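Working through the structure, step by step
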Amino acid sequence: MYFYIPTKIYQQDGCVRAHGQELAALGSRALIVTGKHSSRKNGSLSDVVSALEAHGIPFLIFDDIEENPSVETVIKAKEAGLSFGADFVIGIGGGSPMDASKSIALLMKHPEETADFLYARGDGDSLPVAAVPTTCGTGSEATPWSILTRHELKIKQGIARPVFPSLALCDPGYLAFAPHSVLVSTAIDAFSHCVESYINANATPYSRMLCLQSLRLWGEAKGALAGNRAPSPQDFSNLMCASTLAGMAISHTSTSLPHGLSYYLTYDDSIPHGLAVGVFQVPYLAAAGSQAAAPLLTAAGFADLGALAAFLTPLTKQDIPQATRERAIRGMMGNESKLKNCPFAVSEKLLEGFFGENETL
Ligand SMILES: [Fe+2]
């Protein structure tokens, strides 16, 4: 058994300003990696800028990170960071900027390398990375994973080198600015990380403890996700913490069939990641069996699998073209790294059943 999380994590309101000194101490010139809009709207970018200015750290803002960032974008950011002379990287936003920041930090540390370096199995020797999450799904602030879009393969794929952020500054207050749809989608991603980490061939008592505690916090907030009430600051705190805990869990186990299938839905049909993985949660739990599913359902506050389905289906139901479904099943059956994480036998027939009512006729 093995447990390793080298990231220093703070979760509190106002934590970027409160711990700006530790952020600034990661280097002498910063490359800030973010998207175009949300980090400006929720105040996270200005918090980071204020913290760096207060400690005299010059910075460059690269705000061209798209949703499901491509390897090509990572290369552009690497070139910008090298030209500026940055010696550490700060990723602000959801999974896209945080994942990208890890790959950028790797390539900046190895400027002579091309994108192939990311997908060649090896160590994660990179510039220091700080992560400032502004959604509650990916857990990327506490994982070594970096998932990028590879257009040449028409798929999203995790790089082959692990990069943990050195520092994660998790301010749940940013979630108040997220559109409800983003809150829902990313929270379902966090839920899915717990399910796929708990029902996983690599699960340990440590990783399972993280999953169950994440689901308890998530379960307390789920009424706000369903739209039964407006989310409270406590909901935001619970959802942010649930996401980070789930990230720690998948750091040790990785994910399983739903994530492997979901990448095709996102690439081919632009279905947001959280909704794409959400489609497959009930079938995955059903395939694992009621005994395996019971602790997860209890922790999240669902009486049974039917109650979970009643909650998730209205939020995640998708029209999935037949061609996507076939490509996803074919791809999954050839995805050895995801297949070996699944603790039960997998067949094409089983995966066909995973699409259930979401199949487009
Ligand atoms: Fe995910």
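This text follows the structure it describes.
Predicted, not measured: the structure shown is a model, and the values here were computed from it.

In this section: the pattern of salt bridges. All chains considered together, the criterion is met by 10 salt bridges. Glutamate 22 is the salt-bridge partner of lysine 8, the closest N and O atoms lying 2.8 Å from each other. On the criterion of sequence distance, the pair formed by lysine 8 in strand S1 (residues 8-11) and glutamate 22 in helix H2 (residues 20-24) is long-range, its members being 14 residues apart. On the basis of relative accessible area, lysine 8 is assigned to the partly exposed category, the value being 44%. Across the pair aspartate 235 and arginine 229 runs a salt bridge, and its minimum N-O distance is 2.5 Å. Residue arginine 229 is classed as partly exposed on the basis of its relative accessible area, which comes to 36%. Taken together, the shared-partner salt bridges in this structure form one network comprising Lys36, Arg40, Asp63, Asp64 and Lys76.

Turning next to the coordination of the iron ion. Coordination of the iron ion by the protein is provided by Asp189 (OD), His193 (NE2), His259 (NE2) and His273 (NE2), with metal-donor distances spanning 2.1 to 2.2 Å. Here the donor residues of the iron ion are spaced in sequence according to D-x3-H-x65-H-x13-H. One end of the pair, aspartate 189, is in helix H7 (residues 180-198); the other, histidine 259, is in helix H10 (residues 257-269), and 70 residues separate them in sequence.

Membership of the largest hydrophobic core comes to 61 residues, with the highest contact counts inside it found for Phe191, Trp218 and Leu239. Leave out the neighbours within four places in its chain, and tryptophan 218 touches Ala187, Ile188, Phe191, Leu225, Leu239, Ala242, Ala300, Phe302 and Phe311. Formed by 25 residues, the second largest nonpolar core is a distinct cluster that contains Val89, Ala105, Leu107 and Leu118.

Attention now goes to the packing of aromatic side chains. In total, this model carries 10 aromatic pairs according to the counting rule given. Taking 6.5 Å as the distance between ring centres and 90 degrees as the angle between the ring planes, the aromatic pair formed by phenylalanine 191 and phenylalanine 302 counts as edge-to-face. With phenylalanine 191 in helix H7 and phenylalanine 302 in the loop between helix H13 (290-300) and helix H14 (305-316), this pair connects stretches of sequence that are 111 residues apart. For phenylalanine 302, a relative accessible area of 7% puts it in the buried group. Summarising the aromatic geometry, the rings of phenylalanine 280 and phenylalanine 355 are spaced 5.2 Å apart at their centres and angled 75 degrees between planes, so their arrangement reads as edge-to-face. With phenylalanine 280 in the loop between helix H11 (273-278) and helix H12 (281-288) and phenylalanine 355 in the segment after helix H17 (348-354), this residue pair connects regions lying 75 residues apart in the sequence. What makes phenylalanine 280 buried here is its relative accessible area of 0%. Accessibility expressed as a relative area gives 0% for phenylalanine 355, which makes it buried. Put simply, the rings of Phe191, Trp218, Phe302 and Phe311 touch in pairs and so form one group of aromatic residues. Across the ring face of tyrosine 119, the terminal group of arginine 150 is positioned such that the distance to the ring centre comes to 3.8 Å.

Okay, the environment of proline 111 next. Its place among the elements puts proline 111 in the loop between helix H6 (95-109) and strand S5 (129-133). Here proline 111 falls in the partly exposed class, since its relative accessible area comes to 43%. C-alpha of proline 111 to C-alpha of glutamate 79: the two residues are 32 residues apart in sequence and 8.6 Å apart in space. Those residues in contact with proline 111 that lie beyond four places of it in its chain are Lys78 and Leu82.

Let's shift gears to the side chain of serine 243. If you trace the backbone, serine 243 turns up in helix H9 (residues 233-253). If sequence neighbours within four positions are ignored, serine 243 has contacts with Cys136, Gly137, Thr138, Gly139, Glu141 and Ala190.

Attention now moves to a nonpolar patch on the surface. A contiguous nonpolar surface patch, about 460 Å² in accessible area, is contributed by Met1, Phe3, Tyr206 and Met209. Position of tyrosine 206 relative to the elements: it lies in helix H8 (residues 205-225). Assessed through its relative accessible area of 39%, tyrosine 206 is described here as partly exposed.

Let us now look at the pairing of strand S7 (residues 155-158). Sheet analysis places strand S6 (residues 147-150) next to S7, joined by four bridges and oriented antiparallel. Each residue of the ladder has a partner; that of leucine 148, found in S7, is glutamine 157.

Parameters at a glance
Residues numbered from 1 in each chain as written. Predicted model: local features only at pLDDT ≥ 70, side-chain atom pairs only at ≥ 80, totals over all residues. Heavy atoms only, no water. Salt bridge = Lys/Arg side-chain N within 4 Å of Asp/Glu carboxyl O. Helix = DSSP H or I, 4+ residues; strand = E, 2+ residues; numbered from the N terminus. Buried < 20%, exposed > 50% of the residue type's maximum accessible area, 1.4 Å probe, protein only. Donors = N, O, S within 2.8 Å, 3.2 Å for Na, K, Ca; no water. Core = buried A, V, L, I, M, F, W, Y, C linked by side-chain atoms within 4.5 Å. Contact = heavy atoms within 4.5 Å. Phe/Tyr/Trp six-rings, centres within 6.5 Å; stacked < 30°, edge-to-face > 60°. Lys NZ or Arg CZ within 6 Å of the ring centre and 35° of its normal. Patch = residues over 30% accessible without salt bridge, like charges linked within 9 Å, V, L, I, M, F, W, Y side chains within 5 Å. Areas by Shrake-Rupley, 256 points an atom, 1.4 Å probe, with all protein chains shown as cover. Pairing = 2+ DSSP bridges.

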